[in-house]
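The chain contents come next:
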Amino acid sequence: MFVSIIIPTSNAEDTIEKVLNSIISQDFKEFEIIIIDNGSEDKTEEIVKKFSEQNKANIKYFKYEHKLGHAGAINEGISKASGDLVLILHDDLVLGESNWLSEMVKVMEKDEVGIASSLFVTPVRKLNSIINKAFSYIYILGWHDTKVDLGVQEVMYTGLNNDMIKRKVIEKVGYPDNTYKYGMHDIDYSERVKRAGYKIVLNAKVHVEHLLSSYQRSLKGHIKKAWQYGYPSSVIMKRYGYLPNLDNMMFAVGLLMFALSILLPSLFLPLVFLLVVLSIISFKLEQPNFYRKNKYLIRAKKLLLGSISALIGYLIFHPLLFLAYGGVVILYRALSNTIISFRELKDVKVSLLVFLFYPLWNLISGFSVLGGFFTFLIIPYIKKLFG
């Protein structure tokens, strides 16, 4: 099989050469590299061209002055690819083993497999910035250790970041959707692949090492990711009936209800009724678990935890009911990730930042979900109604 490796990139002068080195060092040599440059303003182009000349690598480089978005860049790469298999690889992901490609090709030989990805590892101990160390425990920046015994297993989603896709799958389900340029195209594509009858597989026998792109090396960059991750969630809800970032949205809703019940005490009971309704609806909106665990059981546990917390909050100060209900899952995860970070790093400062920024990051994500409702659902409906 011939593999087309598509690398969407933007301002990757610090990482792109390491990524390319990890590719040409592979024991599997039947590949081409297609780089789609999303308007880089640094030395990315110079580094790629110099690398190509020095190593006589099969690299096709395409520069775009305007931003295509992640899905848009992937689609440009697919349109130029000739391989039986297409590998989507981020510009800050280094292939962790010299047999990475051959191991992934082996998995893709199974007829039922449509997409396969490897273990996604952020080597937190190698990170220089305390902010980056903290945020590696706050949102999905991958595992922190390659010694994770997961083997090869079917999962529910792909991240379209180190994923190998069969050409015939792309021909059947089409290209990734670029409705929103910064997220949810991976979940959308996963659903389309599954509905076409193919399996999505995690091959944890090999891994990629996440170096962090230039957009994930500052507090501002990480906070921006919170908004980008949450904003298009309602697109998935409209198409597939569940809501990514549901817990984050419930946290934001709980905070809003808490504030309203203080400012307008007469709304307390109507808000409690609305919260009960939202809780019932949440069973339908719970996102399928990545490892295919029962999502209704997961939601029931969250509901029980929220109800107990809400009762305690009510006894302390009535409006706290809403904040306790909406925030308890986030608080639990903040505490859990804080403990994990301290156990792994033994760094009090990092752990303190995890505890402080975890709720903030999720709250921003929750408000972005609400903002996305207006952009993708309410405003189009109003336009259709009065158009």
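In this text, all values refer to a predicted model and were calculated from it rather than measured experimentally.

Notes on the packing of aromatic side chains
Aromatic rings in a pair are described by how distant their centres are and how their planes are angled relative to each other.
Moving on, step 1. Scanning all chains against the criterion turns up ten aromatic pairs.
Moving on, step 2. Ring centres of phenylalanine 135 and phenylalanine 357 lie 5.7 Å apart, and the angle between their planes is 40 degrees; on these two criteria the pair is classed as tilted. Highlighted residues: phenylalanine 135 in helix α5 (residues 130-135) and phenylalanine 357 in helix α14 (residues 348-386), separated in sequence by 222 residues.
Moving on, step 3. Here the aromatic rings of tyrosine 139 and tryptophan 361 are separated by 4.7 Å at their centres, their planes lie at 10 degrees, and the arrangement is stacked. Residue tyrosine 139 is located in the loop between α5 and β7 (152-155), and its partner tryptophan 361 is located in helix α14; the two are separated by 222 residues in the primary sequence. Take tyrosine 139 and tryptophan 361: they sit in the same class, and that class is buried.
Moving on, step 4. Within the aromatic cluster, the residues linked to one another by ring pairs are Phe135, Tyr139, Tyr229, Phe357 and Trp361.
Moving on, step 5. Here the guanidinium or amino end of lysine 80 rests over the ring plane of phenylalanine 62, the centre of that ring lying 4.5 Å away.

Describing the UniProt feature "domain: Glycosyltransferase 2-like" (unreviewed entry) in the protein chain
Moving on, step 1. Here the UniProt-annotated "domain: Glycosyltransferase 2-like" (unreviewed entry) positions come out as residues 4-126.
Moving on, step 2. From the first C-alpha to the last, residues 4-126 spans 30 Å; its make-up is 33% helix and 30% strand.

Examining the nonpolar core
Moving on, step 1. Counting residues in hydrophobic clusters, the biggest one holds 37 residues, and the most contacted among them are Ile7, Leu20, Ile23 and Met164.
Moving on, step 2. A total of six residues in this core trace back to one element, the largest contributor, which is helix α4 (residues 100-108).
Moving on, step 3. Excluding residues within four positions of it along the chain, leucine 20 makes contact with Ile7, Ile33, Ile35, Val48, Phe51 and Ile59.
Moving on, step 4. Within the second largest apolar cluster, 24 residues are counted, among which are Ile34, Val86, Ile115 and Val193.

What to know about a nonpolar patch on the surface
Moving on, step 1. On the surface, a cluster of nonpolar side chains totalling about 750 Å² of accessible area is made up of Phe374, Ile378, Ile379, Tyr381, Ile382, Leu385 and Phe386.
Moving on, step 2. Along the chain, the position of tyrosine 381 falls in helix α14.
Moving on, step 3. By relative accessible area, tyrosine 381 is classed as exposed at 53%.

A look at the side chain of asparagine 162
Moving on, step 1. Residue placement: asparagine 162 occurs in strand β8 (residues 162-166).
Moving on, step 2. Excluding residues that lie within four positions of it along the chain, asparagine 162 makes contacts with Leu87, Ile88, Leu89, Leu93, Trp100, Ala116, Ser117, Ser118, Phe120 and Val208.

Concerning the pattern of salt bridges
Moving on, step 1. Applying the stated criterion across every chain yields a total of 17 salt bridges.
Moving on, step 2. Of the charged contacts, one joins glutamate 103 and lysine 106 as a salt bridge, the two residues approaching to 3.2 Å between their closest N and O atoms. Of the two residues, glutamate 103 and lysine 106 are both situated in helix α4; the distance of three residues between them amounts to about one turn of the helix.
Moving on, step 3. Accessibility expressed as a relative area gives 17% for glutamate 103, which makes it buried.
Moving on, step 4. The salt bridge partner of aspartate 247 is lysine 302, with a shortest N-O separation of 2.7 Å.

Describing the UniProt feature "transmembrane region" (unreviewed entry) in the protein chain
Moving on, step 1. The UniProt entry lists residues 249-282, 303-332 and 352-382 under the feature "transmembrane region" (unreviewed entry), expressed in the numbering used here.
Moving on, step 2. Helix makes up 90% of residues 303-332 and strand 0%. Its end C-alpha atoms lie 13 Å apart.
Moving on, step 3. Note that residues 352-382 is 100% helix and 0% strand, and that its end C-alpha atoms are spaced 45 Å apart.

Quick notes on the packing of helix α11 (residues 268-285) against helix α12 (residues 295-316)
Moving on, step 1. Where α11 meets α12, the closest approach of the two axes is 9 Å, and the angle between their N-to-C directions is 160 degrees. In terms of their interaxial angle, α11 and α12 are classed as roughly antiparallel. Of the two possible hands of crossing, α11 and α12 adopt the one that is right-handed. Mapping the contact onto sequence places Phe268, Ser279, Ser282, Phe283 and Lys284 in α11 and Lys295, Tyr296, Arg299, Ala300, Leu303 and Tyr314 in α12.
Moving on, step 2. Here the residues of the contact of α11 with α12 are counted per class, giving six nonpolar, two polar and three charged.

Conventions used here
- Residues numbered from 1 in each chain as written.
- Predicted model: local features only at pLDDT ≥ 70, side-chain atom pairs only at ≥ 80, totals over all residues.
- Heavy atoms only, no water.
- Phe/Tyr/Trp six-rings, centres within 6.5 Å; stacked < 30°, edge-to-face > 60°.
- Helix = DSSP H or I, 4+ residues; strand = E, 2+ residues; numbered from the N terminus.
- Buried < 20%, exposed > 50% of the residue type's maximum accessible area, 1.4 Å probe, protein only.
- Lys NZ or Arg CZ within 6 Å of the ring centre and 35° of its normal.
- UniProt positions renumbered as here; feature names shortened; annotations may be inferred.
- Core = buried A, V, L, I, M, F, W, Y, C linked by side-chain atoms within 4.5 Å.
- Contact = heavy atoms within 4.5 Å.
- Patch = residues over 30% accessible without salt bridge, like charges linked within 9 Å, V, L, I, M, F, W, Y side chains within 5 Å.
- Areas by Shrake-Rupley, 256 points an atom, 1.4 Å probe, with all protein chains shown as cover.
- Salt bridge = Lys/Arg side-chain N within 4 Å of Asp/Glu carboxyl O.
- Axes fitted to C-alpha atoms, helices over the stretch in contact; angles between N-to-C directions.
- Parallel < 35°, antiparallel > 145°, perpendicular 65-115°, else oblique.
- Left-handed = near helix turned anticlockwise from the far one by under 90°.
- Nonpolar A, V, L, I, M, F, W, Y, C, P; charged D, E, K, R; others polar.

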